[in-house]
Amino acid sequence: MTLYELMNEYATANPTPSNKEDLTPELGESLSLLHSSLIECDLASEEQGGTPRLIADPCDIEPSHLSHFIVAYLPFNSITEKIEINHVLFDIYSFFNWLDKKKISHGFANTNISQLVKQLCAKQERCLKLSQLLDSESSRILKDPPVIQNTLNDVFLVKEIEGNFVLLKGRHQEKLLRLRLPPDTIKLIQLDDYLDLTVGDTSEKWVLLEAGQAYPKIKKQ
């Protein structure tokens, strides 16, 4: 069964309130949020009835997807109060616990989800501040924009940090990209951070045009 089908089966057996704005209200608010977050992470999906639904296998999910969900996606979707976050995370934990009880293999099988959640919550403040600084830098560039030859939008992984430069590997790009950033922004960046950026090529250098979410990559256990 696909991730969507399993989420739907769980939600049917364990109904919870949904938000009318959710793309998949039949899943309940918490699983609908996770479903949308996983689609943003490029897990396999297809249009069904005008709505994208995950067709990925539950084994395709990995710890970095939970990092995106907790550190980046929830704060950007107005889920910021601690009690709200705890409620959503409990629902997510309950879903994976349900998969375990049904002996359905999934990508978190060897992961201590509770411990990982604690680690990710501790990283949230740094990444939110980093997102704000990246956004400020893009605003500065756009006040007096250089001539742009080409633009590129991708989720980049920080591979190296060299002085005030970061070397970035795009999710859909083969070559590394070298981007200069202000010192206060560099201080917050760590190796293996994911940065959702739009960058512009001036033919002499890359510049930051737009910034979205930032969250850390989590290695599989």
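Before reading further, recall that the structure is shown in the block above.
I will try to describe carefully the structure that is included in this document. Here the structure is a predicted model, which is why all the values come from computation and not from measurement. (Residues numbered from 1 in each chain as written. Predicted model: local features only at pLDDT ≥ 70, side-chain atom pairs only at ≥ 80, totals over all residues. Heavy atoms only, no water.)

1. A word on the nonpolar core
Ranked by size, the top nonpolar core spans 40 residues in total, and within it Leu 31, Leu 34, Leu 38, Leu 66, Phe 69, Phe 95 and Phe 96 carry the most contacts. Elements with a contribution of two residues or more to this core: helix H1 (3-13), helix H2 (28-40), helix H3 (63-73), helix H4 (82-101), helix H5 (113-143) and strand S3 (150-162). Tallying contributions element by element places H4 first for this core, with eight residues. Apart from residues no more than four positions distant in its own chain, Leu 31 is found in contact with Met 7, Tyr 10, Ile 92 and Phe 95. Counting residues in each nonpolar core, the second largest holds 18 residues, with Val 158, Leu 177, Leu 197 and Leu 208 among its members. (Core = buried A, V, L, I, M, F, W, Y, C linked by side-chain atoms within 4.5 Å. Buried < 20%, exposed > 50% of the residue type's maximum accessible area, 1.4 Å probe, protein only. Helix = DSSP H or I, 4+ residues; strand = E, 2+ residues; numbered from the N terminus. Contact = heavy atoms within 4.5 Å.)

2. Section: H4
For the α-helix, the turn length of 3.6 residues means that residues three or four positions removed from each other point alike. An ideal rise of 1.5 Å per residue puts 28 Å on 20 residues; H4 measures up with 28 Å between its terminal C-alpha atoms. Those residues of H4 that are buried are in contact with H1, H2, H3 and H5. Just downstream of H4, Lys 103 is the residue with a positive phi angle, here 55 degrees. (Expected span 1.5 Å × (residues − 1).)

Read these as geometric descriptors, not functional statements.
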